[in-house]
Amino acid sequence: MRVKCPAVLLALALVLNLTACSMGEKKFERGTVEGQTYTSTFLGLTCTAPAEYTYLTDEEIAELNGVAADAMTDQTLVKEMQSLLESGDQDMYLMTEDGLQTVNVMLTKVDAKGATVDMTAFAESGAEEVKSSYEAIVGMSDVEAVHETVAFMGQQYEGIRMTATYDGNAPVFCVQVCMQEGDYVCVVTFTSYVEDHTAEMMDFFAPIAAEKK
């Protein structure tokens with residue numbers, strides 16, 4: 001079974017809810033990949049993946065985004081996804097050769113400079129966006145998405161957990177971790193088909209500070 005990565009559509013959850021508090025300034029820098037390790041000094045984290053996973057190039061990510069858009073039945077959602085991907089930054093995409101497990105890191109700049117995002121409201125509205133997005137993908141059924149607190153790298157974050165069925169018989173499991181860094185909101189998405197490997201993939205990540213000890 002080869003899956004054409006509809007997980008990129010989860011970027012549609014980036015509907016920002018802002019408050020007026022200042023976050024301060026922090027210059028954005030894209031993450032880097034060396035061997036099997038992705039490092040984002042901006043986010044303060046690393047991801048070291050097993051050999052069966054591959055980091056995609058920007059060109060390969062763009063190709064998968066096109067495939068995902070083609071799989072959608074709702075053209076309004078397709079336009080929203082394309083607009084977001086053009087204005088945001090898909091910083092990393094990691095996947096197994098068969099496409100059954102994927103990890104991606106997506107950042108979107110907050111329009112109001114220095115604003116704090118209400119991450120609880122963000123995840124709550126994002127769960128509705130995720131459900132609608134997956135329901136618009138050909139072959140997806142039984143889609144459920146809920147907002148919940150997620151343990152990630154030893155901390156608690158607002159998140160979204162989604163389950164669905166693909167092509168009538170393949171279970172789909174997805175966890176999104178939502179965080180804000182400087183003037184950016186980041187969503188790390190873990191998607192697994194057939195069997196739930198989301199917790200295993202989340203353990204690929206570690207804070208940079210912890211790695212330096």
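Conventions adopted
Residues numbered from 1 in each chain as written. Predicted model: local features only at pLDDT ≥ 70, side-chain atom pairs only at ≥ 80, totals over all residues. Heavy atoms only, no water. Helix = DSSP H or I, 4+ residues; strand = E, 2+ residues; numbered from the N terminus. Buried < 20%, exposed > 50% of the residue type's maximum accessible area, 1.4 Å probe, protein only. Contact = heavy atoms within 4.5 Å. Pairing = 2+ DSSP bridges. Axes fitted to C-alpha atoms, helices over the stretch in contact; angles between N-to-C directions. Salt bridge = Lys/Arg side-chain N within 4 Å of Asp/Glu carboxyl O.

Mapped onto the elements, D89 comes out in strand β6 (residues 89–96). For D89, a relative accessible area of 18% translates into the label buried. Residues D89 and V105, 16 residues apart in the sequence, show an inter-C-alpha distance of 8.5 Å. With residues near it in sequence (within four places) discarded, D89 still touches F28, R30, V105, M106 and L107.

Direction of pairing for strand β9 (residues 140–152) relative to strand β10 (residues 155–166): antiparallel, over a ladder of 11 bridges. Its bridge partner being in β10, A145 is matched across the sheet by M162. Counting the residues between successive antiparallel strands, the hairpin from β9 to β10 contains two residues, one of them, M153, with a positive phi of roughly 55°. Sheet analysis places β10 next to strand β11 (residues 170–181), joined by nine bridges and oriented antiparallel. The residue bridging Y166 from the neighbouring strand is A170, located in β11. Counting the residues between successive antiparallel strands, the hairpin from β10 to β11 contains three residues, one of them, D167, with a positive phi of roughly 60°.

Spatial ordering of the open sheet is given by β2-β3-β4-β13, a layout of four strands whose pairing is antiparallel. The open sheet has two free edges, formed respectively by β2 (32–34) and β13 (205–207), since each of these has just one partner strand. Looking at each pair of strands side by side, their axes are set apart by 20° on average, direction ignored. Direction of pairing for strand β3 (residues 37–40) relative to strand β4 (residues 45–48): antiparallel, over a ladder of four bridges. Bridging from a neighbouring strand, T39 pairs with T46 of β4.

One pass over the structure, following the stated rule, counts three salt bridges. Where D91 meets R30, a salt bridge forms, and the shortest distance between an N and an O atom there is 3.3 Å. Of this pair, D91 sits in strand β6 while R30 sits in the loop between β1 (18–19) and β2; the two residues are 61 residues apart in sequence, bridging distant segments of the chain. We note a salt bridge from E135 to K131, for which the minimum N-O separation is 3.1 Å. Placement of both E135 and K131 in helix α3 (residues 119–135) is noted, with a separation of four residues, approximately one turn of the helix. Overall, the relative accessible area of 44% leaves E135 in the partly exposed class.

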